[in-house]
Amino acid sequence: MTALLELDRITKRFGSVVVADGLSLAVGAGDIVGIVGPNGAGKTSLFGLIGGDLAPNSGEVRLEGRPVTRLDASARCRLGIGRTYQVPRPFVDMTVFENVLMAAQQGGGQRRRLSYARAAAVLERTGLGNDANVPAGRLGLLSRKRLEMARALATAPRLLLLDEVAGGLTDPEVAELVTIVTSVRDEGVAVLWIEHVLRALTASVPRLICLAGGSFIGDGAPAEVLAEPAVREVFLGTEVTTSLAGLAGEAAREDA
Ligand SMILES: Nc1ncnc2c1ncn2[C@@H]1O[C@H](COP(=O)(O)OP(=O)(O)OP(=O)(O)O)[C@@H](O)[C@H]1O
Ligand SMILES: [Mg+2]
C-alpha cells in the first residue's frame, strides 16, 4: 500500500548548513510520529519541506504516491497537509472564529456553508468555543496554541504537522492537547509532532524519530530511541550548547 506521506532522499542546505541530508521517511494514514532533536537540528525546516514553505535542493515529497515537491504551501494544504507554526501566526485583529473560518475557506478550499460549520466544530473541539469572538491578539499562551491547532484542523488535513504546540504549557494543559491530538489521529489523520516537551510525546506516540545533523539518528519506540547512545549524546549536548546554537540560528536567520 502506498504511504500517505513519503520523503525520498530530501536534501536541504542553507549555505553551508545542511538541515536535511538525504532524508527518507514513510508515514501511513493514522500514524502518529514524534520528532525530537536539538535546537537548530532542522525539525521546523523539515515541516517547511513537507508543507511547501521550503523547496529542497534535491529529493522528492510524495502524498499518496503523487509528487508534490513543486507545489506551493497553499496547494499542498488543499491536498490535505495542515500545519501549525512554532511561533503562532494568527491574524491578531481578527476574532478567533474569523481566523478559523479563514483557514477553513482558504486553506481547506471548502465551500462557504460547510466552512462555517467546520469552523464552529473545530472551535468546540479545541476548547475555544467561549473565545470565538475574542480578537486573536488578546489570547493567552494556551489559547494561542489551541488556535494554532484549530486553524490547522479547519483545513481538514489528512496529515497534520504540529510544531511545538506543548511548549510553555502546564502538565494538565499538555494532557488536554494530547487528548485532542489523539482524537484527531483516531479519525485516521496522520500526525507528525515536533516537541521538546518529551512527556507529551512519550505518552502519546508509538513511534519517535530523532533528527540531528541533517539525519535521522533514531527511529522506533520512544523508550528505545531515547535510550540509544547517539540520541542520548545529542540530548546531553544540547544542555551545554543550546544557547550557542540558538544564537547561531538567530544570526543565520538575520543573514538570510
Ligand atoms: N530560511 C532560513 N534561512 C537560513 N537558515 C535557516 C532558515 N531556516 C532555518 N535556518 C537554519 O537552519 C537550521 C535549522 O533550523 P530549524 O528552525 O529547522 O531548526 P529546529 O530543529 O526547528 O530548531 P528549534 O528546536 O530551535 O525549533 C538552523 O541553523 C537555522 O538557523
Ligand atoms: Mg523549530
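Below: a short report on this structure. What you see is a predicted model; the values in this text were computed from it and never measured.

**Digging into the nonpolar core**
Here is a general trend for soluble globular proteins: nonpolar side chains tend to be buried in one another's company.
Next up, step 1: Among the nonpolar cores identified, the biggest contains 43 residues, and Val-100, Leu-160, Leu-162 and Trp-193 are the most heavily contacted of them.
Next up, step 2: Sorting elements by how many residues they give to this core places helix H5 (residues 141-154) first, with seven residues.
Next up, step 3: Both of domain 1 (1-80 + 157-168 + 175-256) and domain 2 (90-156) provide at least three residues apiece to this core.
Next up, step 4: When near neighbours in sequence (up to four residues on either side) are disregarded, Trp-193 contacts Ile-32, Val-33, Gly-34, Ile-35, Phe-47, Leu-162, Val-165, Val-178, Val-181, Ala-200, Leu-201 and Ser-204.
Next up, step 5: One finds Leu-4, Leu-46, Phe-47 and Leu-161 within the second-largest nonpolar core, a separate group that totals 25 residues.

**Remarks on the environment of Ala-166**
Next up, step 1: By the secondary structure assignment, Ala-166 is in the loop between strand E7 (159-163) and helix H6 (171-186).
Next up, step 2: As a C-alpha pair, Ala-166 and Arg-199 span 33 residues in sequence and 9.9 Å in three-dimensional space.
Next up, step 3: Those residues in contact with Ala-166 that lie beyond four places of it in its chain are Val-174, Leu-177, Glu-195, Val-197 and Ala-200.

**Brief notes about the sheet that holds strand E8 (residues 190-194)**
Next up, step 1: Strand order in this open sheet of six strands is E6-E7-E8-E3-E9-E10, and the pairing throughout is mixed. Because the sheet does not close on itself, it has two edges, and the strands there are strand E6 (81-83) and strand E10 (215-220). Between one strand axis and the next, the sheet turns through 20° on average, direction left out of account.
Next up, step 2: Here strand E3 (residues 32-36) pairs with E8 via four bridges, running parallel.

**Thoughts on the environment of Gly-42**
Next up, step 1: Along the chain, Gly-42 falls in the loop between E3 and helix H1 (43-51).
Next up, step 2: Through-space distance from the C-alpha of Gly-42 to that of Gly-214 is 6.8 Å; in sequence the pair is 172 residues apart.
Next up, step 3: Among all residues touching Gly-42, those that are not within four sequence positions of it are Val-19 and Leu-211.

**Details of the sheet that holds strand E5 (residues 66-67)**
Next up, step 1: Strand order in the open sheet formed by four strands is E2-E1-E4-E5, with antiparallel pairing between adjacent strands. The strands lining the two open edges of the sheet, one partner per strand, are strand E2 (17-27) and E5.
Next up, step 2: With two bridges connecting them, strand E4 (residues 58-63) and E5 associate as antiparallel partners. Note on E5: the bridge partner recorded for Leu-63 is Arg-66.
Next up, step 3: On top of the sheet, H1 reaches strand E1 (5-14), E2 and E4; it is set at about 120° to E1, its chief contact.

**Concerning the pattern of salt bridges**
Next up, step 1: Tallied over the full model, the rule gives 12 salt bridges.
Next up, step 2: In this structure, Arg-62 and Glu-60 form a salt bridge, with 2.6 Å as the shortest nitrogen-oxygen distance.

**A look at helix H4 (residues 112-125)**
Next up, step 1: Here H4 contains 14 residues, and its C-alpha end-to-end distance of 20 Å stays within 8% of the 20 Å for a straight helix at 1.5 Å per residue.
Next up, step 2: Along H4, the residues classified as buried are Ser-115, Ala-119, Val-122 and Leu-123. Taken down its axis, H4 places every buried residue within 100° of arc, on the same side. For H4, the exposed residues set more than 90 degrees away from the buried face come down to Arg-113, Leu-114 and Glu-124.
Next up, step 3: Following H4 by one or two positions, Gly-127 adopts a phi angle in the positive range, close to 75°.

Quick notes on the rules
Residues numbered from 1 in each chain as written. Chains lettered and ligands numbered in written order. Predicted model: local features only at pLDDT ≥ 70, side-chain atom pairs only at ≥ 80, totals over all residues. Heavy atoms only, no water. Core = buried A, V, L, I, M, F, W, Y, C linked by side-chain atoms within 4.5 Å. Buried < 20%, exposed > 50% of the residue type's maximum accessible area, 1.4 Å probe, protein only. Helix = DSSP H or I, 4+ residues; strand = E, 2+ residues; numbered from the N terminus. Domains from an automatic or database assignment. Contact = heavy atoms within 4.5 Å. Pairing = 2+ DSSP bridges. Axes fitted to C-alpha atoms, helices over the stretch in contact; angles between N-to-C directions. Salt bridge = Lys/Arg side-chain N within 4 Å of Asp/Glu carboxyl O. Expected span 1.5 Å × (residues − 1). Arc of directions from axis to C-beta.

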